[in-house]
Amino acid sequence: MDFSLQPDSPEISAFRQEVRAWLAENMKGSEHLRWSGNWSTRENAEEYKFRRALAGKLGAKRWLFPTYPVKYGGAGMSLDHQFVLETEIDKYGLSLGSVFYTLSRLVAPALMKFGTEEQKAEFLPPMMGGELAVWQVLTEPQGGSDVANCQTKAIRDGDDYIVNGQKVLVGHHLPPDFLWTFVCTNPAGKRHENLGWLYIPATLPGITIQHMHLMMGIKNAIFFDNVRVPAKYLVGGENNGWKVANSYLELEHGGGGSVAEHPLFARLIAHCQRTNFDGESLMEDQDVRDVLAEMLIDLDVQRLMGLRNFWHRYVKQPHSYGGPQFLFLQRMVRLRNAERVQKICGYDALNPDDSVHEVADFEYTVRSGPGWLHGGGTLDTDRLIIARRLGLGRPSQEDAPTTV
Ligand SMILES: Cc1cc2nc3c(=O)[nH]c(=O)nc-3n(C[C@H](O)[C@H](O)[C@H](O)COP(=O)(O)OP(=O)(O)OC[C@H]3O[C@@H](n4cnc5c(N)ncnc54)[C@H](O)[C@@H]3O)c2cc1C
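Counting from 1, residues in each chain are numbered in the order their sequence is written. Per-residue local features of the predicted model are confined to residues with pLDDT of at least 70, and side-chain atom pairs are confined, for both listing and counting, to 80 or more; whole-chain, interface and lining totals are unaffected and use all residues. Hydrogens and water molecules were not included; the side-chain quantities draw on all heavy atoms of the structure.

Visitor: Could you give me a rundown of the pairing of strand E7 (residues 217-230), with the residues and numbers involved?
Guide: In this analysis, strands are considered paired if DSSP registers two or more bridges between them. Put simply, DSSP marks the helices as runs of H or I at least four residues long and the strands as runs of E at least two long, and each gets a number from the N terminus on. Where strand E3 (residues 160-170) lies against E7, ten bridges are found, and the strand directions are antiparallel. From the neighbouring strand, Val168 faces E7, where its bridge partner is Ala221. Bridging between strand E6 (residues 207-214) and E7 involves eight bridges; their strand directions are antiparallel. Looking across to E7, one finds that Leu214 is bridged to Gly217. Two successive antiparallel strands, E6 and E7, enclose a turn made up of two residues.

Written out as structure tokens, the structure is:
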């Protein structure tokens, strides 16, 4: 199968040059930043500030959501333009999504699909301008895999919803502007028909965020205590949250695809070339080379699956089981890479002190490998969705929802 991409057209080639020059200028001063994992406890305020500023500048150029309509803050560009932006930013070890440290990359498509015209006009421009940090708060203390069993209540009272309950988010320590959350709007209603989606200003009275320092980084519990949320923040209509959930979670669960190459491999190669053990470079050691070869194969398969899903997403022909398949593989590759980094770097891979490492990502890779088995659902959730999409043990196959 030929996975090679077509050469850039003259227009796209000129755009690529423009993006490269812009990035060379605007990434200045970030050379020492390693873009550690989003949830790393090592993440520092300087790195965060740089990302947020970069997001604002990319947003002002309308390059964060390049294919979205101009009236909402996008640039109305083609997928080729987006591909250029993604691949050029990727060369700095970042992605368009990770630049601004927020889940707006997932929320904006859901708003495009389910928002009213008024909601799109009000909510999308600041999001696309890179001005907002949005946290996705879906998981609840009693269990996250079964999101439909949502216990946080949002009861209509005049023009508002009164929200009470608790969510858990694995995120960073800096505050969000908005919470994107799933609520039960009709406690007496049938499962899947009693839910709603709210986009909640995070500063409303009654919202408390409490940090918990866990293995993968900061974790936050979010408490809603009689929070009065204006009804204009309900997305997708009354008791219609499950429909929004299907589309939104498909995007989160791998259906969005990815064009990024993981920076870990190149960093590990550089480390092995520079590091000597018993008088020879780690690169000369056959055992190390074998581990690196396995890693390269895994990461390449993952990249191709991500590319396939990215393409399916934008031609609006969702791959039936491609999303959870990609996510399942990504989780397993993360776990295997945690073991591989440990095999190559030994005890050093367990030391969070950056000065011991030439590459800051290694310790986080080891620490987060097991944790990622649970990020955005679990391996079991992935398996379950794949089985339903294939129709295993059922008379019919479930369709994958379209995402934007
Ligand atoms: C890195 C990271 C980032 C995260 N980010 C966010 C975030 O941004 N926002 C947010 O809301 N949440 C977030 N989460 C939480 C995450 O979505 C949940 O951890 C996940 O959905 C699983 O829920 P749980 O931890 O409550 O486990 P549970 O749902 O309680 O599952 C416990 C175990 O039971 C298994 N299990 C459950 N149901 C079934 C079933 N039907 N069949 C077979 N096995 C089953 C599970 O696979 C798991 O092994 C994050 C988690 C991590 C680790």
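Further notes follow.
Visitor: Can you explain helix H5 (residues 104-114)? Please cite residues and give values.
Guide: With a 1.4 Å probe rolled over the protein chains alone, any residue whose accessible area is under 20% of its type maximum counts as buried; one over 50% counts as exposed, and the rest are partly exposed. Buried residues dominate H5, accounting for ten of its eleven residues. By the burial criterion, the buried members of H5 are Ser104, Arg105, Leu106, Val107, Ala108, Pro109, Ala110, Leu111, Met112 and Phe114.

Visitor: Describe the environment of Asp90, with residues and values.
Guide: Tracing the backbone through its elements, the reader meets Asp90 in helix H3 (residues 79-90). Considering only alpha carbons, one finds Asp90 and Ile200, 110 residues apart in sequence, at a separation of 31 Å. Should any heavy atoms of two residues lie within 4.5 Å, those residues are counted as being in contact. Discounting residues that sit within four places of it in the chain, Asp90 has contacts with Val259, Ala260 and Glu261.

Visitor: Help me get a handle on the site of the ligand, residues and values and all.
Guide: In the vicinity of the ligand, 20 residues are found, and the nearest of them are Leu138, Thr139, Gly144, Thr378 and Asp380. Any pair of nitrogen or oxygen atoms within 3.5 Å is treated as a polar contact; in protein, a donor-acceptor pairing is required on top of that, and neighbouring residues in sequence qualify only through side-chain atoms on both sides. Ser145 places a side-chain nitrogen or oxygen 2.7 Å from an oxygen atom of the ligand. Here an oxygen atom of the ligand sits 3.5 Å away from a polar atom, N or O, in the main chain of Val168. The method behind every accessible area is Shrake-Rupley, applied with a 1.4 Å probe, and residues are considered shielded solely by the protein chains displayed. Alone, the ligand offers 970 Å² of accessible surface; in the complex the protein occludes 67% of this. Looking at the shell around the ligand, the elements that each hand over two or more residues are strand E1 (134-137) and E3. If one sorts the elements of the shell around the ligand by residue count, E3 sits on top with three residues. Amino acids outside the nonpolar list (Ala, Val, Leu, Ile, Met, Phe, Trp, Tyr, Cys, Pro) and the charged list (Asp, Glu, Lys, Arg) are all regarded as polar, and Gly is one of them. Looking at the shell around the ligand residue by residue, the classes come out as eight nonpolar, eleven polar and one charged. Each of two domains, domain 2 (134-240) and domain 3 (256-390), supplies a minimum of three residues to the shell around the ligand. Whether a residue is near a molecule or strand is decided by its heavy atoms; if any one of them lies within 4 Å of it, the residue is near. Residue ranges labeled as domains rest on an automatic or database domain assignment.

Visitor: Outline the pairing of strand E5 (residues 195-201), supporting the account with residue identities and numerical values.
Guide: Extensive coverage of E5 is indicated by the burial of seven of its seven residues. Side chains Leu195, Trp197, Tyr199 and Pro201 of E5 all project onto a buried face; the interleaved residues Gly196, Leu198 and Ile200 project onto the opposite face, where all are buried too. Where strand E4 (residues 178-184) and E5 come together, seven bridges link them in antiparallel fashion. Each residue of the ladder has a partner; that of Phe178, found in E5, is Pro201.

Visitor: Tell me what's going on with the domain arrangement of the chain, and back it up with residues and numbers.
Guide: Looking at the chain, the domain boundaries give domain 1 (10-101), domain 2 (134-240) and domain 3 (256-390). For domain 1 versus domain 3, the distance between C-alpha centres works out to 22 Å.

Visitor: Any chance you could break down the packing of helix H7 (residues 241-255) against helix H10 (residues 322-345) for me, citing the residues and the numbers?
Guide: For helices, the axis comes from a line fit to the C-alpha atoms of the stretch in contact; other axes are also lines fit to C-alpha atoms, and the angle between any two N-to-C directions lies between 0 and 180 degrees. Between H7 and H10, the shortest axis-to-axis distance is 7 Å and the interhelical angle comes to 45°. Relative to H10, the element H7 is oriented oblique. Residues Glu250, His253, Gly254 and Gly255 of H7 pack against Gly323, Pro324, Phe326 and Leu327 of H10. Each residue belonging to the contact of H7 with H10 can be placed in one class, and the counts come to three nonpolar, four polar and one charged. To sort the angles, those under 35 degrees are grouped as roughly parallel, those over 145 as roughly antiparallel, those from 65 to 115 as roughly perpendicular, and the leftovers as oblique.

Visitor: Break down unusual backbone geometry for me, with residues and values.
Guide: Not every positive phi belongs to a glycine, and His192 is a case in point at roughly 75°. Checked against the element boundaries, His192 lands in the loop between E4 and E5. Within the chain, Lys316 stands out as a residue other than glycine whose phi angle is a positive 60°. Assignment of secondary structure puts Lys316 in the loop between helix H9 (286-314) and H10. Judged by its relative accessible area of 53%, Lys316 is exposed.

Visitor: So what's going on with the state of the cysteines? Residues and values would help.
Guide: To count as a disulfide, a pair of cysteine sulfur atoms needs to be within 2.5 Å. Evaluation of the coordinates by the stated rule reveals zero disulfides. For the unlinked cysteine Cys184, the closest cysteine sulfur is that of Cys150, found at 6.2 Å. You can see Cys272 has no disulfide; the closest cysteine sulfur is in Cys345, sitting 6.6 Å from it. The exposure class of Cys272 is buried, given its relative accessible area of 0%.

Visitor: I'd like a rundown of the pattern of salt bridges, residues and numbers included.
Guide: Any Lys or Arg side-chain nitrogen found within 4 Å of a carboxyl oxygen on Asp or Glu counts as a salt bridge. Counting across every chain of the model gives 24 salt bridges. Residue Arg105 pairs with Glu86 through a salt bridge whose shortest N-O separation is 3.6 Å. With Arg105 in helix H5 and Glu86 in helix H3, this pair connects stretches of sequence that are 19 residues apart. By relative accessible area, Arg105 is classed as buried at 17%. Its salt-bridge partner being Glu238, residue Arg156 comes within 3.9 Å of it at the nearest N-O pair. Taken together, the residues Arg156 in strand E2 (residues 153-157) and Glu238 in the loop between strand E8 (234-235) and H7 connect sequence positions 82 residues apart.

Visitor: Just give me the short version of empty space enclosed by the protein, but keep the residues and values in it.
Guide: Here a cavity means grid points, on a 1 Å grid over the protein atoms only, where a 1.4 Å probe fits yet cannot get out; a pocket means an open set of points with protein on both sides within 12 Å along at least five of seven lines; lining residues are those with an atom within 4 Å of a point. Grid points are joined across faces, edges and corners, and a volume is the space filled by probe spheres set on the points. Evaluation of the coordinates by the stated rule reveals three cavities of 30 Å³ or more. If you go around the largest cavity, the residues you meet are Glu250, Gly255, Asn309, His312, Arg313, Pro318, His319, Gly322, Gly323, Pro401 and Thr403. Secondary-structure elements contributing two or more residues to the lining of the largest cavity are H7, H9 and H10. Counting residues per element, the lining of the largest cavity draws most heavily on H9, at three residues. Residues belonging to the lining of the largest cavity are distributed by class as follows: two nonpolar, seven polar and two charged.

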